[in-house]
Amino acid sequence: MATIKFRDVTKSFDNGKVTVIPGLSLDIKDKEFVVIVGPSGCGKSTTLRMIAGLEAVSSGELMIDDRVVNDVPPKDRDIAMVFQSYALYPHMTVYKNMAFALKLKKIPKDEIDEKVMWAAKILDIEPYLDRKPRALSGGQRQRVALGRAMVRNPKVFLLDEPLSNLDAKLRTEMRSQITMLHKKLQTTFVYVTHDQTEALTMADRIVVMDKGVIQQYDTPQKLYDEPVNMFVAGFIGSPQMNFIDAKVIKENNGMKLSFSGYELEIPEEKHEALNAYDGKEIILGIRPEQFLTKPPSGNDKSGCTLNVTAEIAEMTGSETNIYFSLGSSTHIARIKPEKKISGGDTVKLYIEGSVLHYFDKDTTYAI
């Protein structure tokens with residue numbers, strides 16, 4: 001069992017002058033794959049390093065398996081960490097790199113050999129055991145780093161942006177390999193990244209952080225469908241959500257939004273929530289992939305039609321990203337075009353009211 005609990009944990013530097021984690025409370029379940037995601041400087045790596053014991057907790061309690069580990073040294077926490085830089089010993093072979101920690105523990109040679117061969121087989125690095133790191137590709141080195149952690153059979157795996165040095169193709173391959181590894185090992189994984197695509201594709205649950213504060217902690221689908229504020233809405237999803245200034249107008253027979261010369265019927269289920277915003281401005285959110293090129297089918301009469309000029313059209317294969325302006329702001333639609341679209345073309349886009357997000361302009365929280 002390997003649960004991890006933060007109880008109002010703070011982290012400060014320079015004798016308390018700089019606080020990077022103002023008060024973190026977080027529960028990670030046994031055998032869960034949790035990804036901590038956020039922009040550079042948000043505190044995600046510091047959080048990981050506190051679990052590892054590489055950074056001291058300034059205040060609060062950090063528990064692993066319900067044991068407070070604030071003062072427990074890293075070697076006694078039963079965790080293994082995989083770094084962005086691989087951190088392999090260049091003068092040692094792959095086999096010796098993987099066996100090194102076990103040798104320090106004076107584990108019998110036969111047992112070491114069994115553990116190394118077990119990990120090498122799972123990670124498909126058996127042919128490279130006699131090579132040194134310089135003779136390996138980036139993906140192979142990362143698998144060796146994973147193998148070195150695996151042979152220790154830790155309670156918790158900590159991974160600090162392990163794929164950021166790899167090219168796009170290798171990153172995709174390694175994402176699936178790490179996900180499968182988690183399923184095989186049935187161990188708690190805590191993974192840090194700034195790449196929200198990695199977070200969405202790998203995690204059981206995602207911690208979205210900003211300025212040392214958890215903005216939302218939920219499943220990937222819930223974060224995508226129900227972001228609690230504009231930060232989460234803009235961070236989760238690629239390209240990011242479009243935000244449009246809009247005014248709420250209440251009428252006798254319904255409610256609508258007015259923006260940039262367009263009017264949009266608001267779905268009836270949102271009337272009660274938006275009732276207090278009559279005559280006020282809010283922020284309307286729509287994801288690029290939620291624009292349609294054909295009128296929506298069904299009985300949903302909410303939404304509207306936009307006639308826009310494609311300022312830039314990016315063909316990405318099966319989809320095209322259309323950049324267009326509403327007022328002074330540029331927005332993006334990701335569509336599956338029936339014909340080739342070029343910059344300067346007029347494009348008709350349809351919005352369904354049921355997929356829209358509404359945010360308070362002052363608090364930035366979802367309405």
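Cut-offs applied
Here the residue index of a chain counts from 1 through its sequence in written order. Reporting of local features is limited, given that this is a predicted model, to residues whose pLDDT is at least 70; pairs of side-chain atoms are given and counted only at 80 or more, and all residues count toward the totals for whole chains, interfaces and linings. Only heavy atoms go into the side-chain values, all of them from the structure, while hydrogens and water stay out. In DSSP terms, a helix is any run of H or I states spanning at least four residues, a strand is any run of E spanning at least two, and both are numbered starting from the N terminus. Three labels apply to residues, based on accessible area from a 1.4 Å probe with only protein chains included: buried if under 20% of the type maximum, exposed if over 50%, partly exposed otherwise in between. It only takes one pair of heavy atoms within 4.5 Å for two residues to be counted as in contact. Any helix carries an expected span of 1.5 Å times its number of residues minus one. We place a 1 Å grid over just the protein atoms. Points where a 1.4 Å probe fits but has no way out form a cavity, open points with protein on both sides within 12 Å along at least 5 of 7 lines form a pocket, and any residue with an atom within 4 Å of a point lines it. Grid points are joined across faces, edges and corners, and a volume is the space filled by probe spheres set on the points. Lys, Arg, Asp and Glu make up the charged group, whereas Ala, Val, Leu, Ile, Met, Phe, Trp, Tyr, Cys and Pro make up the nonpolar group; the residues left over, Gly among them, are polar. For two strands to count as paired, DSSP must find a minimum of two bridges between them. Each axis is a line fitted through C-alpha atoms, taken for helices only over the stretch in contact, and angles between the N-to-C directions span 0 to 180 degrees. We call two directions roughly parallel when the angle between them is under 35 degrees, roughly antiparallel when it is over 145, roughly perpendicular when it lies between 65 and 115, and oblique otherwise. Should the near helix be turned anticlockwise from the far one by less than a right angle, the crossing is termed left-handed; should it be turned clockwise, right-handed. Only buried residues count toward a nonpolar core. Its members are Ala, Val, Leu, Ile, Met, Phe, Trp, Tyr and Cys residues joined through side-chain atoms within 4.5 Å. For this document, the term salt bridge refers to a Lys or Arg side-chain nitrogen within 4 Å of an Asp or Glu carboxyl oxygen.

**Side note on the overall build of the protein**
Thinking step 1. On a plain count of helices and strands, the protein comes out with 9 helices and 20 strands.
Thinking step 2. Principal axes of the C-alpha set define a box for the protein whose edges measure 80 × 50 × 35 Å.
Thinking step 3. A total of 367 residues make up the protein; the buried ones form 47% of that total.
Thinking step 4. Of all intrachain contacts in the protein linking residues separated by at least 6 positions in sequence, the fraction that spans at least 24 positions is 67%.

**Details of helix H4 (residues 138–150)**
Within an α-helix, residues lying three or four positions from one another point in the same direction, as the helix has 3.6 residues per turn.
Thinking step 1. In this model, H4 (13 residues) spans 18 Å end to end at C-alpha, consistent with the 18 Å of a helix rising 1.5 Å per residue.
Thinking step 2. Burial runs high along H4: 11 of the 13 residues are buried.
Thinking step 3. Considered for burial, the residues of H4 that qualify are Gly-139, Gln-140, Gln-142, Arg-143, Val-144, Ala-145, Leu-146, Gly-147, Arg-148, Ala-149 and Met-150.
Thinking step 4. If you follow the buried residues of H4, they end up packed against strand E6 (79–82), helix H2 (94–104), helix H3 (109–123), strand E7 (156–160) and helix H5 (168–185).

**Regarding the layout of surface pockets**
Thinking step 1. Taken as a whole, the largest pocket spans an internal volume of roughly 560 Å³.
Thinking step 2. Around the largest pocket, the lining is made up of 21 residues, and of these Ile-79, Met-81, Ala-101, Arg-148 and Arg-152 lie nearest the centre.
Thinking step 3. By residue class, the composition of the lining of the largest pocket is 15 nonpolar, 1 polar and 5 charged.

**Details of the pairing of strand E12 (residues 254–259)**
Thinking step 1. Of all 6 residues making up E12, 5 are buried, and the element is well covered by its neighbours.
Thinking step 2. Pairing of strand E11 (residues 242–251) with E12, which is carried by 5 bridges, proceeds in the antiparallel orientation. Of the residues in E12, the one forming a bridge with Glu-251 is Gly-254.
Thinking step 3. Connecting the antiparallel pair E11 and E12 is a turn made up of 2 residues.
Thinking step 4. Here E12 runs beside strand E13 (residues 262–265); their pairing, made up of 4 bridges, is antiparallel. Directly across from Ser-258, in E13, lies its bridge partner Glu-263.
Thinking step 5. Between E12 and E13, which pair antiparallel and follow one another directly, the connecting turn spans 2 residues, one of which, Ser-260, has a positive phi of 45°.

**Details of the environment of Val-116**
Thinking step 1. Locating Val-116 in the fold gives a position in helix H3.
Thinking step 2. Exposure remark for Val-116: the relative accessible area of 0% places this residue in the buried category.
Thinking step 3. Sequence separation between Val-116 and Arg-175 is 59 residues, and the spatial gap between their C-alpha atoms is 22 Å.
Thinking step 4. Filtering out sequence-adjacent residues up to four positions away, Val-116 remains in contact with Tyr-95, Met-98, Ala-99, Leu-129 and Val-151.

**Side note on the packing of H3 against H4**
In a packed pair of helices, the relevant descriptors are the angle between the two axes and the axis-to-axis distance.
Thinking step 1. Remark: H3 packs on H4, axes separated minimally by 9 Å, with the N-to-C direction vectors making an angle of 140°. In this view, H3 runs oblique relative to H4, as classed from their interaxial angle. In the crossing of H3 with H4, the sense of the turn from one axis to the other is right-handed. The residues of H4 that touch H3, namely those facing Trp-118, Ala-119, Ile-122 and Leu-123, are Arg-143, Leu-146, Gly-147 and Met-150.
Thinking step 2. The class makeup of the residues in the contact of H3 with H4 is 6 nonpolar, 1 polar and 1 charged.

**Side note on the nonpolar core**
Thinking step 1. One finds Met-98 and Ile-178 to be the most contacted residues of the largest nonpolar core, which totals 48 residues.
Thinking step 2. The residues contacting Met-98, other than those within four sequence positions of it, are Val-116, Ala-119, Ala-120, Ile-125, Leu-129, Val-144, Gly-147, Arg-148 and Val-151.
Thinking step 3. Membership of the second largest hydrophobic core comes to 30 residues, among which are Ile-244, Tyr-277, Ile-286 and Leu-356.

**Thoughts on the packing of H4 against H5**
Thinking step 1. Where H4 meets H5, the axes come as close as 11 Å, and the angle between the chain directions of the two elements is 15°. Classified by the interaxial angle, the pair formed by H4 and H5 is roughly parallel. Helix-helix and strand crossings are classified by hand; for H4 and H5 the assignment is right-handed. Of H5, the residues touching H4 (which contributes Gly-139, Gln-142, Arg-143, Leu-146 and Met-150) are Leu-170, Met-174, Gln-177, Ile-178, Leu-181 and Leu-185.
Thinking step 2. Tallied by class, residues from the contact of H4 with H5 come to 7 nonpolar, 3 polar and 1 charged.

**Description of the pattern of salt bridges**
Thinking step 1. Taken as a whole, this structure holds 14 salt bridges when the rule is applied.
Thinking step 2. With its nearest N and O atoms 2.8 Å apart, the salt bridge here joins Asp-66 to Lys-5. Of the two residues, Asp-66 sits in the loop between strand E4 (59–64) and strand E5 (67–68) while Lys-5 sits in strand E1 (residues 4–13), which places them 61 residues apart along the sequence.
Thinking step 3. For Lys-5, a relative accessible area of 22% puts it in the partly exposed group.
Thinking step 4. Two residues, Glu-263 and Lys-256, come together in a salt bridge whose shortest N-O distance is 2.8 Å.
Thinking step 5. Beyond isolated ion pairs, a larger network of salt bridges with shared partners links Lys-11, Arg-49 and Glu-55.

**Details of the sheet that holds strand E9 (residues 205–210)**
Thinking step 1. Across the sheet, 6 strands lie side by side as E6-E7-E8-E3-E9-E10; this open sheet has mixed pairing. The sheet is open, and its two borders are formed by E6 and strand E10 (213–218), each paired with just one other strand. With direction set aside, neighbouring strand axes in the sheet form an average angle of 15°.
Thinking step 2. As judged from the 4 bridges shared by E6 and E7, these two strands associate in the parallel manner. In the sheet register, Ala-80 faces E7, and the bridge partner there is Phe-157.
Thinking step 3. Each of E6 and E7 is contacted by H4, which is oriented at about 175° to E6, the strand it contacts most.
Thinking step 4. Contacting strand E3 (33–37), E7 and strand E8 (188–193), H5 runs over the sheet at an angle of about 160° to E8.

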